[in-house]
Amino acid sequence: MTDWLAVCREAVVDVRGVLVDLPTRREREPVVGDGVGGDETTAVDAAAERVILERLRAVDGATIVSEEVGELPGEGPWRVVVDPIDGSLNAKRGIPFFSLSIAVAEGETMDDVVFGYVYDFGTGEEWTAERGAGTRLNGHELDDLRPKEEIEILSFEATLTSSVAEKAAAMVGLAYRLRIMGSLALSLCHLAAGRVDAVCSLKAARAVDIAAAQLLVRERGLAIDLPEAPPFGAAPLDVEGRSRVVAGATPQVCAELFAALSA
């Protein structure tokens, strides 16, 4: 049986090599194409994906879903959903808040994800979750601190200036403070650890961004929803964005967030 944790750790080493080879904004940010997911592909995105795909293709029969190339079919039982660099803008500008996100599923939907892995290249923190077996940070089970139901810190993601200007006012009275971090996967991990109290994206989220981290959120008994394309568990593991994502301590928090986003 595949040791997915070992595979993910080897993938971290691979991406670290890319970051060493492309050390500054000058090397990282040139646009080299367009990804299947719709975003521009920068040099650092392309290089990171190349080494990750080489690593994952060594896993017999796995179907791979990745942000830039889309789906690479395999004949085996596993579906591996990967974002080689979640937080590409931070990565290319040298801001130390970006991650590698890998989810392993035994089917084609969010409910089928059995293992989630997110690695923070800024802090070196390793976030993992196994379905039915809980969540870990750097190998240790997360403690019992949970997000607050009254939102003290809300993380916005997918944040064009125009989107923030349009939606921030609706959060007055619902959330005390905003944080705009730049990696949806990491923001969801921070929610799982109770570092922030809620997370929402201001544009449609894709499975490559959330498939790994959502398992941490759900294993913690927290709420996460794609309210424009429910139910969450049936969301396909592909590169299409169908709904904004909201997450928090309870389903009620998610409902209040989406109501505010939709106002």
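Whatever comes next refers back to the structure up there.
Residues numbered from 1 in each chain as written. Predicted model: local features only at pLDDT ≥ 70, side-chain atom pairs only at ≥ 80, totals over all residues. Heavy atoms only, no water.

K.L.:
How would you summarise the environment of Glu-141 if you had to cite specific residues and measurements?
P.N.:
Topologically, Glu-141 is positioned in strand β10 (residues 140-141). As a C-alpha pair, Glu-141 and Ala-129 span 12 residues in sequence and 9.5 Å in three-dimensional space. (Helix = DSSP H or I, 4+ residues; strand = E, 2+ residues; numbered from the N terminus.)

K.L.:
With reference to specific residues and values, describe the sheet that holds strand β7 (residues 113-120).
P.N.:
Spatial strand order, β4-β3-β5-β6-β7-β8-β9-β10: 8 strands in an open sheet with mixed pairing. Pairing within the sheet leaves two strands with one partner each, and these edge strands are β4 (70-72) and β10. Alignment of strand β3 (residues 63-66) against β4, held across 3 bridges, turns out to be antiparallel. Its bridge partner lying in β4, Ser-66 is registered against Gly-70. (Pairing = 2+ DSSP bridges.)

K.L.:
Please give an account of the packing of aromatic side chains that cites residues and values.
P.N.:
In this structure the tally under the stated criterion is 3 aromatic pairs. Centre to centre, the rings of Trp-4 and Trp-78 are 5.9 Å apart; their planes meet at 75°, and the pair counts as edge-to-face. Taken together, the positions of Trp-4 in helix α1 (residues 4-21) and Trp-78 in the loop between β4 and β5 (79-86) put the pair 74 residues apart, joining distant regions of the chain. Across the pair, Trp-78 and Trp-4 agree in class, each one buried. Centroid distance Tyr-119 to Phe-121: 5.1 Å. Interplanar angle 75°. Geometry classified as edge-to-face. Comparing Tyr-119 with Phe-121 shows no difference in burial state: the two are buried. An aromatic cluster is defined as three or more aromatic residues linked by ring pairs; in this entry it consists of Phe-98, Tyr-119 and Phe-121. (Phe/Tyr/Trp six-rings, centres within 6.5 Å; stacked < 30°, edge-to-face > 60°. Buried < 20%, exposed > 50% of the residue type's maximum accessible area, 1.4 Å probe, protein only.)

K.L.:
An account of the pattern of salt bridges is needed here, citing residue identities and associated values.
P.N.:
In the structure shown here, the tally under the stated rule is 16 salt bridges. Overlapping salt bridges bring together Glu-10, Asp-14 and Arg-55 as one network. (Salt bridge = Lys/Arg side-chain N within 4 Å of Asp/Glu carboxyl O.)

K.L.:
Now, about the nonpolar core: what can you tell me, with residues and values included?
P.N.:
A general trend in soluble globular proteins is that nonpolar side chains are found buried together. Counting residues in hydrophobic clusters, the biggest one holds 42 residues, and the most contacted among them are Met-110, Val-118, Trp-127, Leu-188, Ile-210 and Leu-237. If you list the elements that add at least two residues to this core, you get β6 (99-105), β7, β8 (126-130), α6 (184-192) and α7 (207-219). Beyond its immediate stretch of four places on either side in the chain, Ile-210 contacts Met-110, Leu-184, Leu-188, Ala-205, Leu-226, Phe-232 and Val-245. By size, the runner-up hydrophobic cluster in this structure holds 33 residues, among which are Leu-19, Ala-47, Leu-100 and Phe-121. (Core = buried A, V, L, I, M, F, W, Y, C linked by side-chain atoms within 4.5 Å. Contact = heavy atoms within 4.5 Å.)

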